Each structure stands twice: as C-alpha cells, then as structure tokens.
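# What the coordinates show
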Amino acid sequence: MKKKNIERLESIKAAHRSERIGSSSSSRVEDYLEVISELVEQKGYATTLDISRYMNVSAPSVTKMLQKLDEDRYLEYEKYQGISLTSKGSNLADGIRQKHKTLLEFFEILGIDHEIANQDVEGIEHHLNPKTIKQLRKFITFLKSNPTILTNFKNL
Ligand code: MN
C-alpha cells in the first residue's frame, strides 16, 4: 500500500481504538465509507476482515453495518461476494477525504506534528460545514501566497 493510504487507515484505526464520546452514527458511517474507499483504491477490494481491523470492531459488527449501508444505498454488499460503493457512497467518501486533506494541511501550517494532526483531524472532520472548509481552503491559499506571513508566524 502507498504510505499515505496506510497513514490514513492507521489514523482512522487510532480514532476508533476506544469508542469516543460524541462519536455519532453519521461519523461512523463516514469513517466506514472512507476506510472502504481507501482499501478499494489500494487493493482493488475491501474485505470484512480489513474493515474490522481499521474500524476496530468485530467482523460480525462490520457485517451488520455493511447490511445497513447497503439498505441505505451507500454500497452494494453480498456476503462472500464483495463490497462496492455506489455513487452516493463514493461521493460521501470523497467529500470526507477532501475535508481531511484541507484540515490536515491547516494543522500542519500551524506547526502541529503530522501524527497528532492526523488523529485530531480524524475526529473533527465529520463536524464541519462545507462552507467552513471552503473558507479554510481560501485561508490556506492566502497564507501560501504570502510566505512572509507564514515565516513570521513560524518564527514566533
Ligand atoms: Mn474520521
């Protein structure tokens, strides 16, 4: 697997090491779809076992969740066959990956250690409005096109 995908999967895993307080079911749905899409991108497929490993839940819980995600049309799941994301599912996964990328970049600009940044972002990425992300994106672009400001900040 590519290094960045392993990092993403490991940070999702870390975020699920213990059941977080306030971890809503919509966050879990997003993380499941994200894990599946990372795995599919890397290996061409996602297995229940791989998902259970990165979501830190038992294989039967994964099966149950996959059935629910299938019902909600995020993916198509046939036991012993395979898992494929629908366009609804892959749009959601792409959106969350984009949010993650933006937040991670911002935290790194702030000088936060890559690993900590990845883990923090894992928790908050589900709770930000698209408009907030858009402004953050704009701010990052602004900072990058004004290196003097960035240097002054780094020297604080
Ligand atoms: Mn997450």
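Use the structure listed above.
Residues numbered from 1 in each chain as written. Predicted model: local features only at pLDDT ≥ 70, side-chain atom pairs only at ≥ 80, totals over all residues. Heavy atoms only, no water.

### Brief notes about the packing of aromatic side chains
Threshold: Each Phe, Tyr or Trp ring, with Trp reduced to its six-membered ring, pairs with another whose centre is within 6.5 Å; inter-plane angles below 30 degrees give stacked pairs, above 60 give edge-to-face pairs, and intermediate values give tilted ones. To sort residues, take the accessible area from a 1.4 Å probe on protein chains only and compare it with the maximum for the residue type: under 20% means buried, over 50% means exposed, and anything in between is partly exposed. A ring is scored as having a charge over it whenever the NZ atom of a lysine or the CZ atom of an arginine sits within 6 Å of its centre and within 35 degrees of its normal.
Under the counting rule described, the total for this entry stands at three aromatic pairs. Ring centres of F106 and F107 lie 6.4 Å apart, and the angle between their planes is 55°; this geometry places the pair in the tilted category. In this structure, F106 and F107 share a single accessibility class: buried. What links up through ring pairs into an aromatic cluster is the set F106, F107, F139 and F142. Seen from the ring of Y74, K88 lies directly overhead, with NZ or CZ sitting 4.3 Å from the centre.

### Regarding the nonpolar core
Applicable threshold: For the purposes of this section, nonpolar cores are sets of buried Ala, Val, Leu, Ile, Met, Phe, Trp, Tyr and Cys residues that join through side-chain atoms within 4.5 Å. Secondary structure counts use DSSP, requiring at least four H or I residues in a row for a helix and at least two E residues in a row for a strand, with both numbered from the N terminus. Two residues qualify as a contact provided that any one of their heavy atoms is within 4.5 Å of a heavy atom in the partner residue.
Ranked by internal contacts, the top residues of the largest apolar core, which has 21 residues, are V35, I51, L66, L69, L75 and I83. Elements that contribute at least two residues to this core include exactly α1 (3–15), α2 (25–43), α3 (48–55), α4 (59–71) and β1 (75–78). The leading source of residues in this core is α2, at six residues. If sequence neighbours within four positions are ignored, V35 has contacts with L9, I12, I51, Y54 and M55. Grouped together as the second largest cluster of nonpolar side chains are twelve residues, L104, F106, A117 and L143 included.

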